[in-house]
Amino acid sequence: MTGARVAPLNPFNLAATWKGHGAVLGELTVRAEAGTATLRVVGSADARGAVLRELQLTSRDGGTWNLVDPATVTWAAGAEAAGIRLAGPGNGAISLAATGGSAGSFRIDATNAGTELWRDWLPMRGPAWRLQQLHADGRVADGKLVFAADLAGEIKLGSQFAAVRLAVSGDDRGVRLADLQVAEGERMLAHAAGRIPIVWDARTVPHLQIDTGAPVEFEADTAPDQSLWAAVAEATGISLTNPSARLRIGGTLLRPQGELHIETGRIAAVPGRFGRP
């Protein structure tokens, strides 16, 4: 199959071979290609789930990542993914475990993985980044998602990389951003923290629920660093010259209170974005 489209992935080519009968697919091999990247999966599948014996992800810049041990994915009698562990170059590692249902849970750990691993598969704007360490886990409690995530990494700003730190969690009261920092050496380029009353609830449609009457707390500060704002321009299409910003929000989403202070020499749309020359 050429030019397959599955949102949110970029178009890719797909080929599969197998032996079996009915819903039983033995000796299954799937190969997908997107840009310079290739994904190859070898295993078997039936109406209850799949066994992954091999999984290899290769890209021009990201090297080769391989499944460490055989893993299982089930979709009958409750979805579950177990034992999915990938090893890559530079001591890179990614592990995933998840269960579905009313008491679902997940856990993700990753080390030394960057944009080069995903660039061909996902429509990505903005600067290159490197994920040095990620731990995230969560569970469904009384229908609502309770989670926590900690991330350390780097983002490319101009010719240099800046350090990024993120700590975020969520429960039945909303999402709490404990800390978001972007720093270059000892110099803080951006910082944000706060709480927003957004909850993921498995029992409602839509699942994402926003309490417009609950308290909101959010603050953010940025420094006038041109490399930082060049990265923002690449991601958003809005160019600002030597700006600094300070944002404070309180009250509720229905009746917000706060202040926004921005100083910039110039603001403009990036050429070629928003249909403008």
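Scoring rules and cut-offs
- Numbers given to residues run from 1 along each chain, matching the order in which its sequence is written.
- Under the rules for a predicted model, residues below a pLDDT of 70 receive no local features and side-chain atom pairs below 80 are neither given nor counted, while totals for whole chains, interfaces and linings still include all residues.
- The side-chain figures draw on all heavy atoms in the structure; neither hydrogens nor water molecules are used.
- A run of H or I in DSSP becomes a helix once it reaches four residues, and a run of E becomes a strand once it reaches two; helices and strands are each numbered from the N terminus.
- With a 1.4 Å probe rolled over the protein chains alone, any residue whose accessible area is under 20% of its type maximum counts as buried; one over 50% counts as exposed, and the rest are partly exposed.
- By definition in these notes, contact holds between two residues if any of their heavy atoms fall within 4.5 Å.
- Counted as salt bridges are all cases of a side-chain nitrogen of Lys or Arg within 4 Å of a carboxyl oxygen of Asp or Glu.
- Following DSSP output, two strands are said to pair if at least two bridges run between them.
- Among buried residues, those of type Ala, Val, Leu, Ile, Met, Phe, Trp, Tyr and Cys that are joined through side-chain atoms within 4.5 Å constitute a nonpolar core.
- Patches here are clusters of residues that have more than 30% relative accessible area and form no salt bridge, with a 9 Å joining cutoff for like charges and a 5 Å cutoff for nonpolar side chains (Val, Leu, Ile, Met, Phe, Trp, Tyr).
- Residue-level accessible areas treat just the shown protein chains as cover; the underlying method is Shrake-Rupley with a 1.4 Å probe.

A. Region of interest: the overall build of the protein chain. When helices and strands are tallied, the protein chain shows two helices and 21 strands. For the protein chain, buried positions account for 31% of its 277 residues. Here the contacts in the protein chain between residues at least 6 apart in sequence split such that 36% fall between residues at least 24 apart.

B. Examining the pattern of salt bridges more closely. According to the stated counting rule, one finds twelve salt bridges in the structure shown. A salt bridge links aspartate 69 to arginine 85; its shortest N-O distance comes to 2.5 Å. On the criterion of sequence distance, the pair formed by aspartate 69 in the loop between β5 (63-67) and β6 (71-74) and arginine 85 in strand β7 (residues 80-88) is long-range, its members being 16 residues apart. For aspartate 69, a relative accessible area of 35% translates into the label partly exposed.

C. Summary view of the environment of methionine 1. With respect to the secondary-structure elements, methionine 1 resides in the segment before β1 (13-21). Classification of methionine 1 by relative accessible area gives exposed; the value is 65%. When the C-alpha atoms of methionine 1 and alanine 16 are compared, they prove to be 9.0 Å apart, with 15 residues separating the residues in sequence. With residues up to four places along the chain from it excluded, the contact list for methionine 1 reads Phe12, Asn13 and Leu14.

D. Inspection of the pairing of strand β4 (residues 49-59) at higher detail. Pairing geometry for strand β3 (residues 37-45) and β4, over eight bridges, is antiparallel. If you follow valine 42 over to β4, its bridge partner there is glutamate 54. When β4 meets β6, the two strands line up antiparallel, connected through four bridges. Across the sheet, residue valine 51 finds its bridge partner in β6, namely threonine 72. Sheet topology places β4 next to β5; four bridges connect them, and they run antiparallel. For glutamine 56, the partnering residue across the bridge sits in β5 and is asparagine 66.

E. Local environment of the pairing of strand β12 (residues 160-171). Two strands pair when backbone bridges link them, and strand β11 (residues 144-157) and β12 are joined in this way by eleven bridges, in the antiparallel orientation. Along β12, the bridge assignment pairs glutamate 154 with alanine 163. Here β11 folds back onto β12, and the loop between the two strands holds two residues, one of which, glycine 158, carries a positive phi near 70 degrees. The sheet contact formed by β12 and strand β13 (residues 174-184) spans nine bridges and is antiparallel. Within β13, the residue paired with glycine 170 across the bridge is valine 175.

F. Spatial organisation of the nonpolar core. Judged by nonpolar contacts, the single largest core of 22 residues is most densely connected at Trp65, Ile94 and Trp121. Sorting the residues of this core by element identifies β2 (24-34), β3, β4, β5, β7, β9 (105-114) and β10 (129-141) as the ones contributing at least two each.

G. Main features of a nonpolar patch on the surface. Together, Ile196, Ile210 and Leu253 make up a nonpolar patch on the protein surface, roughly 240 Å² of accessible area in all. By secondary structure assignment, the location of leucine 253 is in the loop between β19 (244-251) and β20 (256-263). A residue is classified by how much of its surface remains accessible, and leucine 253, at 38% relative accessible area, is partly exposed.

Take it as geometry only, folks, not as evidence of what the structure does.
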